[in-house]
Amino acid sequence: MPTIADRVAQTVVARRLEGKVEAIFHPDSYGYRPNRSALDAVAACRRRCWKYDWAVDLDVQAFFDSVDHDLMIKAVAANTDLPWVVLYVRRWLAAPMQQPDGTLQQRDRGTPQGSAVSPVLANLFLHYAFDAWMGRVFPAVPFERYADDGVVHCVSERQARYVRRAIGDRMAQVGLRLHPDKTRVVYCKDGSRRGSWEHTSFTFLGYTFRARPARGPGGNVFAAFLPAISKEALKRLSRTVRRWQLHRRTELSFAELAEMINPVVRGWMQYYGAFYRSALSMLLARINTYLVRWTRKKYRRLRAHRKARAAWERVTAQFPGYFAHWAWVRHPLMIKMARAE
């Protein structure tokens, strides 16, 4: 963790660099840039998966621990005429890392994480290492990159394999390495794309892209290659809901429960509900189940299932905006709740 003095200095350097390099960054670089977001990258990826049959799911192994210091300094020096900016970046990159036992670990590679200057340094390095290189070598091949996570779109399996090998060679040239297991060639299979392939899905920025049921304008159901919240992200959110133990918080009022969870749940809905939001339904219904159990524990007169259900239906109808997720899901998983008790 940087000291307070370093945080202040890093913020100053980051703003100086951002003012210079933002204009040269690639339009499909979305990470930590003004007026761009992870959802913008997911939306662009979705559109291109409909247009291109094949994708290369890129994963740079241990990027922040592997950045070449000399190349990073070269990239910084090429984008500033202020010697003190280069001086401070060089010092931060080479600064030893203090371990919990007080010992110092010297570093000759890698960039500091969690600092104000880290995002712009990462983008600057990958701009030259990947974005600008792709523009020169594969100008007709589109991609989306968010920090060290990226997806490249190809028209054929042959092109995808060739591009994947070329990117691997390029990463080796700049001191990086593609993860051998997580970097894959993926067939964006849907209802109109025939044939089979080992990998027909990939995960990008917390969304898993794969064939999913979709409904057309005329009401017909077909399989489309679409993003939805990944299993890993859904498990992480579910663990958070369990840790809340809402059914045990009987010392709180209904309003206090809403105040406690609404900001978090609203954030989940805004991000993971931006695409294929029905994938969140089970999680939101599970929150309702905990709230029903809270009602039955707090109010003795509502302990019977029938009375609790009637009270629940009355409250959700009368105050539909009380909890953020009631805008999408108001029913609880009553069967699972009964089994759990």
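Above this note sits the structure.
Residues numbered from 1 in each chain as written. Predicted model: local features only at pLDDT ≥ 70, side-chain atom pairs only at ≥ 80, totals over all residues. Heavy atoms only, no water.

Caption draft 1: Examining the pairing of strand 9 (residues 221-229) more closely. One ladder, built from nine bridges, connects strand 8 (residues 207-215) with strand 9; its direction is antiparallel. Its bridge partner lying in strand 9, Ala214 is registered against Phe222. As consecutive antiparallel partners, strand 8 and strand 9 are separated by five residues, and within that stretch Gly219 has a phi angle of approximately 95 degrees, a positive value. (Pairing = 2+ DSSP bridges. Helix = DSSP H or I, 4+ residues; strand = E, 2+ residues; numbered from the N terminus.)

Caption draft 2: Quick look at the nonpolar core. The biggest cluster of nonpolar side chains holds 52 residues, and the ones touching the most others in it are Phe202 and Phe209. Listed in part, the 47 residues of the second largest apolar core include Val56, Met72, Leu121 and Leu176. (Core = buried A, V, L, I, M, F, W, Y, C linked by side-chain atoms within 4.5 Å. Buried < 20%, exposed > 50% of the residue type's maximum accessible area, 1.4 Å probe, protein only.)

Caption draft 3: Main features of the pattern of salt bridges. Across all of its chains, the model carries nine salt bridges by this definition. Its salt-bridge partner being Glu22, residue Arg33 comes within 2.7 Å of it at the nearest N-O pair. With a gap of 11 residues between them, Arg33 in the loop between helix 1 (4-21) and helix 2 (38-51) and Glu22 in the loop between helix 1 and helix 2 connect regions that are remote in the sequence. With a closest N to O distance of 2.7 Å, Arg193 and Asp53 form a salt bridge. With Arg193 in the loop between strand 6 (184-187) and strand 7 (202-204) and Asp53 in the loop between helix 2 and strand 1 (54-59), the pair connects residues that are 140 residues apart, well separated along the chain. Take Arg193: its relative accessible area is 8%, and that puts it in the buried class. A relative accessible area of 28% means that Asp53 is categorised as partly exposed. Among the charged side chains, a network of salt bridges with common partners joins Asp28, Arg48 and Glu144. (Salt bridge = Lys/Arg side-chain N within 4 Å of Asp/Glu carboxyl O.)

Caption draft 4: Spatial organisation of empty space enclosed by the protein. Per the counting criterion, the structure on display carries one cavity of 30 Å³ or more. There is about 90 Å³ of room inside the largest cavity. If you trace the largest cavity, you find it lined by Leu58, Val60, Leu126, Phe130, Arg145, Ala147, Asp148, Asp149, Gly150, Ile167, Met171 and Leu178. Mapped onto the lining of the largest cavity, the elements with two or more residues apiece are helix 6 (118-137), strand 5 (149-154) and helix 7 (157-173). Here the lining of the largest cavity is composed, by residue class, of eight nonpolar, one polar and three charged. (1 Å grid on protein atoms, 1.4 Å probe; cavity = no way out; pocket = protein on both sides within 12 Å on 5 of 7 lines; lining within 4 Å. Points joined across faces, edges and corners; volume = space filled by probe spheres on them. Nonpolar A, V, L, I, M, F, W, Y, C, P; charged D, E, K, R; others polar.)

Caption draft 5: Seen up close, the packing of aromatic side chains. According to the stated counting rule, one finds 26 aromatic pairs in the structure shown. For the ring pair Tyr207 and Tyr271, a centre distance of 5.7 Å and an interplane angle of 55 degrees mean the geometry is tilted. With a gap of 64 residues between them, Tyr207 in strand 8 and Tyr271 in helix 9 (residues 254-272) connect regions that are remote in the sequence. Note on Tyr207: relative accessible area 0%, which makes it buried. Here the basic side chain of Arg36 rests over the ring of Tyr30, its NZ or CZ set 5.7 Å away from the ring centre. Over the ring of Tyr88 we find Arg91, and its NZ or CZ is 5.9 Å from the ring centre. (Phe/Tyr/Trp six-rings, centres within 6.5 Å; stacked < 30°, edge-to-face > 60°. Lys NZ or Arg CZ within 6 Å of the ring centre and 35° of its normal.)

Caption draft 6: Region of interest: the sheet that holds strand 8. Sheet architecture is open: three strands sit in the order 7-8-9, paired in antiparallel fashion. The sheet is open, and its two borders are formed by strand 7 and strand 9, each paired with just one other strand. Pairwise comparison of adjacent strand axes, ignoring direction, gives a mean angle of 50 degrees for this sheet. Judged from the three bridges that link them, strand 7 and strand 8 form a sheet pairing that is antiparallel. Paired with Thr203 across the strands is Thr208, a residue of strand 8. (Axes fitted to C-alpha atoms, helices over the stretch in contact; angles between N-to-C directions.)

Caption draft 7: Main features of the environment of Trp54. Following the sequence through the fold, Trp54 ends up in strand 1. When residues no more than four places from it in sequence are discounted, the contact partners of Trp54 are Val152, His153, Cys154, Val155, Ser156, Glu157, Ala160, Val185, Val186, Tyr187, Cys188 and Trp197. (Contact = heavy atoms within 4.5 Å.)

Caption draft 8: Spotlight on helix 5 (residues 83-94). For helix 5, built from 12 residues, the straight-helix expectation of 16 Å at 1.5 Å per residue is met to within 8% by its first-to-last C-alpha distance of 17 Å. Contacts made by the buried residues of helix 5 are with helix 1, helix 4 (69-77) and helix 6. (Expected span 1.5 Å × (residues − 1).)

Caption draft 9: Region of the structure containing the layout of surface pockets. Taken as a whole, the largest pocket spans an internal volume of roughly 480 Å³. Lining the largest pocket are 18 residues, with Met1, Pro96, Met97, Arg107 and Pro112 sitting closest to its centre. Mapped by element, the contributors of at least two residues to the lining of the largest pocket are helix 1, helix 3 (63-66) and strand 2 (97-98). Among the residues forming the lining of the largest pocket, the class breakdown is eight nonpolar, six polar and four charged.

Caption draft 10: Seen up close, the sheet that holds strand 1. The antiparallel open sheet is built from four strands, whose spatial order is 4-5-1-6. Single-partner strands in this sheet number two, and they are strand 4 (143-146) and strand 6. Taking each pair of neighbouring strands and ignoring which way they run, the sheet shows an average axis angle of 20 degrees. Sheet topology note: the strand 4/strand 5 ladder contains four bridges and is antiparallel. Bridge pairing links Glu144 to Val151 in strand 5. Together, strand 4 and strand 5 form the strand contacts of helix 2, whose direction differs from that of strand 4 by roughly 160 degrees.

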